[in-house]
Amino acid sequence: MIRLISKIQYSNYETGEFSEEKERTFDEVKDVIEKFPWEKQRKGITIDLTNPSVTIHGKKNDYLKLSLFYNGRFVLYYLNQEGELSVNGFDDFRDAYVHIKHGSSQVRRK
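How each quantity is defined
Residues numbered from 1 in each chain as written. Predicted model: local features only at pLDDT ≥ 70, side-chain atom pairs only at ≥ 80, totals over all residues. Heavy atoms only, no water. Pairing = 2+ DSSP bridges. Helix = DSSP H or I, 4+ residues; strand = E, 2+ residues; numbered from the N terminus. Axes fitted to C-alpha atoms, helices over the stretch in contact; angles between N-to-C directions. Contact = heavy atoms within 4.5 Å. Buried < 20%, exposed > 50% of the residue type's maximum accessible area, 1.4 Å probe, protein only.

Now for the sheet that holds strand β6 (residues 85-90). The strand order across the open sheet built from six strands is β2-β1-β3-β4-β5-β6, with neighbouring strands paired in antiparallel fashion. Single-partner strands in this sheet number two, and they are β2 (19-25) and β6. Strand-to-strand twist across the sheet, computed as the mean angle between neighbouring axes with direction ignored, equals 20°. Pairing analysis gives five bridges linking strand β1 (residues 3-9) to strand β3 (residues 53-57), with the strands arranged antiparallel. Note on β3: the bridge partner recorded for Ile8 is Val54. Helix α1 (residues 26-35) rests against β1, β2, β3 and β4 (63-68) of the sheet, and its axis sits at about 140° to β2.

Below is the structure:
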């Protein structure tokens, strides 16, 4: 069973500050995403890479970050080990699950 290292970032955290970092199954990561207070965290933010999020640290020292985006949307960032950033936008955060489950293979390069 694949286990993912995931962590949470809230709007009042400093850049690089995370909590609840631990190894989880994909279903446990989905549960964290479902329970995350997305709309509450959306209030008063400026869209940036340090927005409230659920972040997954990959085994290749890469990252997937599900975060808030403009107009009530969500964004999934993928940062590979070479520092190349890819981005995919979604109307519903649940649409990102297929990308999270399969890693970076389906996230578009920016």
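When you tally the buried positions in β4, you get five out of six residues, the bulk of the element. In the sheet, β3 pairs with β4 via five bridges, with the strands oriented antiparallel. Within β4, the position partnered with Thr55 by the bridge is Lys65. Hairpin connection, β3 to β4: the antiparallel pair is bridged by five residues, and Asn61 has positive phi, about 60°.

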